[in-house]
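# Understanding the architecture of this molecule
Residues per chain, in single letters:
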Amino acid sequence: MPQRTCVATREVRAPEELIRFVAAPDGAVTPDLKGKLPGRGVWVSARREAVESAVKRRLFARGLKAAVTVREDLAAAIDAALVEDLRQGLALANKAGRVVSGFDTVVKTVGSKSIACLVHASEAADDGKRKVAQALRRRLGETAERIPVVTELSVDDLDLALGRSRVIHAALVAGAGSRIFLERWRRLCVYRGAIAMNAAPLDPEGAGLDDDTNPQDRERNE
């Protein structure tokens, strides 16, 4: 696919490293986060600071070659939309049977199955997060550092995604069903500047032992 130029930074990047914007019928600048909206588009690097720069410098009208309106909180609105996409990604992983939740269940699971990532509500206490991390380290040693830890979703987000009440801790069991969630989490982190735009994709297969690992190999790892 042809590369595109960011109107804010003038950097040439692959489309997946940018956000496309179009003008809605009413002239409002609209982010095309799913890549499905029709019409002429303008591209901005998928970082919040780049979007804020494009808004401040009024670059959308120039790129779209039209009289448009741009909401002042466009960058914040995109952040909220990416969080919503992440919540929906967790719901999809849950439907695929890849999510376990509840402190005791998560601790048990990280000690026996290959994990794609840990998920802690943004309100989670440090003590609970530390105990889950300790359980993972007991099994994987230094390899546990490779497991992503997601803290961008609130208790309300987790409850909505999983159809349960007061979910604080969860984990995604490794496998294809975890891929969408990790891709959406990476996109949010890139947008917020927490992950470099050119960072390697995350591994949805996890860093732990597979369920069919030979018992003798399991003992050596433990």
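Here we summarise the structure given alongside this text. (Residues numbered from 1 in each chain as written. Predicted model: local features only at pLDDT ≥ 70, side-chain atom pairs only at ≥ 80, totals over all residues. Heavy atoms only, no water.)

Glancing now at helix α3 (residues 74–95). Here α3 spans 32 Å end to end across 22 residues, near enough to the 32 Å set by a 1.5 Å rise per residue. Downstream of α3 by a residue or two, Gly-97 has a phi angle that is positive, lying close to 80 degrees. (Helix = DSSP H or I, 4+ residues; strand = E, 2+ residues; numbered from the N terminus. Expected span 1.5 Å × (residues − 1).)

Moving on: the sheet that holds strand β3 (residues 18–23). Ordered by their spatial adjacency, three strands build an open sheet running β4-β3-β5, and the pairing between neighbours is antiparallel. Of all the strands in the sheet, the pair left with one neighbour each is β4 (29–31) and β5 (41–45). The mean inter-strand angle of the sheet, taken between neighbouring strand axes irrespective of direction, is 35 degrees. Looking at chain direction, β3 and β5 are connected through five bridges and run antiparallel. In the strand pairing of β5, Arg-20 is matched with Trp-43. (Pairing = 2+ DSSP bridges. Axes fitted to C-alpha atoms, helices over the stretch in contact; angles between N-to-C directions.)

Here the structure, examined in full by the defined rule, presents 12 salt bridges. We note a salt bridge from Asp-79 to Arg-48, for which the minimum N-O separation is 3.8 Å. Remark: Arg-48 occurs in helix α1 (residues 48–56) and Asp-79 occurs in helix α3; sequence separation between them is 31 residues. Judged by its relative accessible area of 9%, Asp-79 is buried. (Salt bridge = Lys/Arg side-chain N within 4 Å of Asp/Glu carboxyl O. Buried < 20%, exposed > 50% of the residue type's maximum accessible area, 1.4 Å probe, protein only.)

In this section: the nonpolar core. Formed by 51 residues in total, the largest nonpolar core has its most connected members in Phe-21, Val-44, Ile-78, Leu-90, Leu-172 and Phe-181. Judged by nonpolar contacts, the second largest core, of 13 residues, contains Ile-115, Ala-135, Leu-136 and Ala-144. (Core = buried A, V, L, I, M, F, W, Y, C linked by side-chain atoms within 4.5 Å.)

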